[in-house]
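Structural description and commentary
The primary structure of each chain is shown beneath.
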Amino acid sequence: MGGRIYYGQTDYPLSAAGEAAARELGEFFLKNKISFDSLYSSDMTRARRTAELVAPGMDIAIVPELREICLGEWEGRSYDEVREEFAEIYEKRGMQFDSVAPPGGETFRELQSRTAPALEKILAAHESGNILVVAHGAAIWSLMAHHFGLNLNDMFFFALDYCNINVIEPTNGRMRLLRYNWSPLP
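Residues numbered from 1 in each chain as written. Predicted model: local features only at pLDDT ≥ 70, side-chain atom pairs only at ≥ 80, totals over all residues. Heavy atoms only, no water.

1. Quick notes on the environment of Gly 104
- Note that Gly 104 resides in the loop between helix H4 (87–95) and helix H5 (108–124).
- Note on Gly 104: relative accessible area 70%, which makes it exposed.
- With 100 residues separating them along the chain, Gly 104 and Arg 4 place their C-alpha atoms 20 Å apart.
- If we ignore the near neighbours within four places in the chain, the residues touching Gly 104 are Cys 70 and Gly 72. (Helix = DSSP H or I, 4+ residues; strand = E, 2+ residues; numbered from the N terminus. Buried < 20%, exposed > 50% of the residue type's maximum accessible area, 1.4 Å probe, protein only. Contact = heavy atoms within 4.5 Å.)

So, in structure tokens, the structure goes:
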């Protein structure tokens with residue numbers, strides 16, 4: 001057994017590759033004079049560290065509701081191990097991410113029920129300006145599904161790479177997607 005592991009809310013540090021990508025992104029923002037009026041981050045170590053590197057010196061407002069999805073008993077286990085030990089629930093969850101959770105974990109619908117109100121609160125606090133929100137893959141997917149009417153079960157069909165940017169703006173009571181999974185880096 002081995003390979004990739006589930007690490008939803010396990011508070012691992014940002015990897016060396018993640019540190020390098022965040023630094024490069026921060027340098028891109030600085031070089032191109034892109035600044036932010038406010039900075040928000042999940043309370044998890046890897047998100048906070050990304051925020052520190054992308055926008056050095058800015059105060060970070062911590063929002064625990066932006067945490068990654070909780071994977072319960074699957075946390076820290078390899079994909080192969082989970083597929084073997086939890087075969088039935090694994091298969092069922094693969095068909096219904098929105099409503100099936102790993103034992104002791106969250107469904108994507110439950111994740112969305114905490115991330116969407118958190119983002120709404122952030123947006124309500126700002127009439128305008130550039131707001132940077134640093135979160136995790138599943139949290140971001142849940143927000144995209146919420147704002148753009150996507151089915152939570154389809155979210156894994158939309159690639160979402162580490163340290164890439166999604167730009168949205170409120171327009172006439174709705175969200176407008178300007179960029180998705182974008183990277184200015186080579």
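2. What to know about helix H2 (residues 45–54)
- Looking at H2, one finds that the buried residues are Arg 46, Ala 47, Thr 50, Ala 51, Leu 53 and Val 54. Along the axis of H2, the buried positions cluster into a sector of 170°, meaning they face one direction only.
- Where H2 is buried, its residues contact helix H1 (16–31), strand S1 (38–41) and strand S3 (131–134). (Arc of directions from axis to C-beta.)

3. Observations regarding the sheet that holds S3
- Pairing in this open sheet of 3 strands is parallel, and the strands run S2-S1-S3 from one edge to the other. Every interior strand has two partners, whereas the edge strands, strand S2 (61–62) and S3, have only one.
- As defined by bridge partners, S1 adjoins S2 across 2 bridges and the pair is classed as parallel. If you follow Tyr 40 over to S2, its bridge partner there is Ala 61. (Pairing = 2+ DSSP bridges.)

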